[in-house]
Amino acid sequence: MKSTTPTVKTSNGAARKKPPFRSLYSKPELEEMFRRFSIQRPEPKGELEHVNPFTLVVAVALSAQATDAGVNKATRALFKVADTPEKMLALGEEKVRDYIKTIGLYRNKAKNVIALSQMLVDRFGGEVPRTREELVLLPGVGRKTANVVMSMAFGIPTMAVDTHIFRIGNRIRLAPGKTPDEVEDKLMRIIPAHYLFHAHHWLILHGRYCCKARKPECERCVIADLCRSPEKTCDIPAPLVELPPQQIGE
């Protein structure tokens, strides 16, 4: 795993290196943490339904301030009639709004879906680009969305920091940071390279189903003995067994 040392500007404008991030977890502890996640969920999956890179971009853009289940419910019918940028443009903004009106901020999101579809046709020949720099040019697509698409559509290891990963990075002191970018940078530096491809899904699912926002379920946690969270209520890890297959879209 290649890493770079970030720099910051001093008061006189000169660049200096940031001090290296020193994790509270040792390398053997990090290795063991992700080993356990890999046994618990050998093939973790994102829970947004999609049929190709384009529908994935749309689904992730629609998921901002919405649940995956809510997005899936709205996009099942939409993607049956519009699974390419060209078909989405032919459908038009008004009809896109009708399909996604159960999702929060649907008016603005419909506008972005049409705008990103237009850009894909005009600038990228109707194909979803593979680089973060190009993806974030698309209306409604930020760094997190770009990272999800790079990983799920193109198999490029990234760290998409959503609310779950941001919470876990800070709560268990794995990668504390004030912004998603800061948490992302630290996670990319400490996660063992051979676990990086699935790491963001493991952390998202751990946050969604175990280390929950309101109250972490420490007695169900497979890393309870390793966890450095001051909130934890249990030091005994849950039995390390493979979980049942995910029911995507349920």
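Predicted, not measured: the structure shown is a model, and the values here were computed from it.

### Section: the overall build of the chain
So, point 1. Along the backbone of the chain there are 11 helices and two strands.
So, point 2. Mapped from its N terminus to its C terminus, the chain presents α and β elements in the order β-β-α-α-α-α-α-α-α-α-α-α-α.
So, point 3. On C-alpha atoms alone, the chain measures out to a radius of gyration of 20 Å, which is about the 18 Å that the 2.2 N^0.38 rule sets for 250 residues.
So, point 4. Summarising its shape, the C-alpha atoms of the chain cover approximately 55 × 55 × 30 Å along the three principal directions.
So, point 5. Expressed as a percentage of its 250 residues, the buried residues of the chain come to 44%.
So, point 6. In the chain, once contacts between residues fewer than 6 apart in sequence are set aside, the share between residues at least 24 apart is 60%.
So, point 7. Total accessible area on the chain stands at roughly 13200 Å², and carbon and sulfur atoms take up 53% of it.
So, point 8. Of the charged side chains in the chain, 39 are positive and 28 negative, and the gap between their average positions amounts to 5 Å.

### Structural notes on the packing of aromatic side chains
So, point 1. For the structure shown, the criterion picks out two aromatic pairs.
So, point 2. Considering the side-chain rings of Phe 34 and Phe 37, the 5.8 Å spacing of their centres and the 75 degrees angle between planes classify their relative orientation as edge-to-face. With Phe 34 and Phe 37 both in helix 1 (residues 27-40) and three residues apart, the pair spans about one turn of that helix. For the pair shown, Phe 34 and Phe 37 are each scored as buried.
So, point 3. Residues Tyr 195 and Trp 202 carry aromatic rings whose centres are separated by 6.0 Å and whose planes lie at 65 degrees to one another, so their mutual orientation is edge-to-face. Note on accessibility: Tyr 195 and Trp 202 belong to one class, buried.
So, point 4. Above the ring of Tyr 25, the side-chain terminus of Arg 228 is found at 5.0 Å from the ring centroid.

### Quick notes on the nonpolar core
So, point 1. Grouped together as the largest cluster of nonpolar side chains are 34 residues, with contacts concentrated most on Val 58, Met 88, Val 96, Val 128, Leu 135 and Leu 138.
So, point 2. Breaking this core down by element, the ones donating at least two residues are helix 2 (53-62), helix 3 (68-81), helix 4 (85-91), helix 5 (93-100), helix 6 (106-124) and helix 8 (143-154).
So, point 3. The dominant element in this core, judged by the number of residues it contributes, is helix 2, at seven residues.
So, point 4. With near-sequence residues (within four places) excluded, Leu 135 lies in contact with Val 128, Pro 129, Arg 130, Val 141, Ala 146, Val 149 and Met 150.
So, point 5. One finds Tyr 25, Val 183, Leu 187 and Ile 190 within the second-largest nonpolar core, a separate group that totals 32 residues.

### Considering unusual backbone geometry
So, point 1. Phi angles above zero are rare outside glycine, and Gln 65 is one such case at about 55 degrees.
So, point 2. Within the element layout of this structure, Gln 65 appears in the loop between helix 2 and helix 3.
So, point 3. Backbone geometry at Arg 173 places phi at a positive 60 degrees, although glycine is not the residue there.
So, point 4. Positionally, Arg 173 belongs in the loop between helix 9 (163-171) and helix 10 (180-190).
So, point 5. Residue classification places Arg 173 among the partly exposed positions, given a relative accessible area of 38%.

Procedures and definitions
Residues numbered from 1 in each chain as written. Predicted model: local features only at pLDDT ≥ 70, side-chain atom pairs only at ≥ 80, totals over all residues. Heavy atoms only, no water. Helix = DSSP H or I, 4+ residues; strand = E, 2+ residues; numbered from the N terminus. Rg over C-alpha atoms; globule rule 2.2 N^0.38 Å. Buried < 20%, exposed > 50% of the residue type's maximum accessible area, 1.4 Å probe, protein only. Contact = heavy atoms within 4.5 Å. Areas by Shrake-Rupley, 256 points an atom, 1.4 Å probe, with all protein chains shown as cover. Lys, Arg positive; Asp, Glu negative; His and termini not counted. Charge placed at Lys NZ, Arg CZ, Asp CG, Glu CD. Phe/Tyr/Trp six-rings, centres within 6.5 Å; stacked < 30°, edge-to-face > 60°. Lys NZ or Arg CZ within 6 Å of the ring centre and 35° of its normal. Core = buried A, V, L, I, M, F, W, Y, C linked by side-chain atoms within 4.5 Å.

All quantities given are derived from atomic positions and should not be read as evidence of function.
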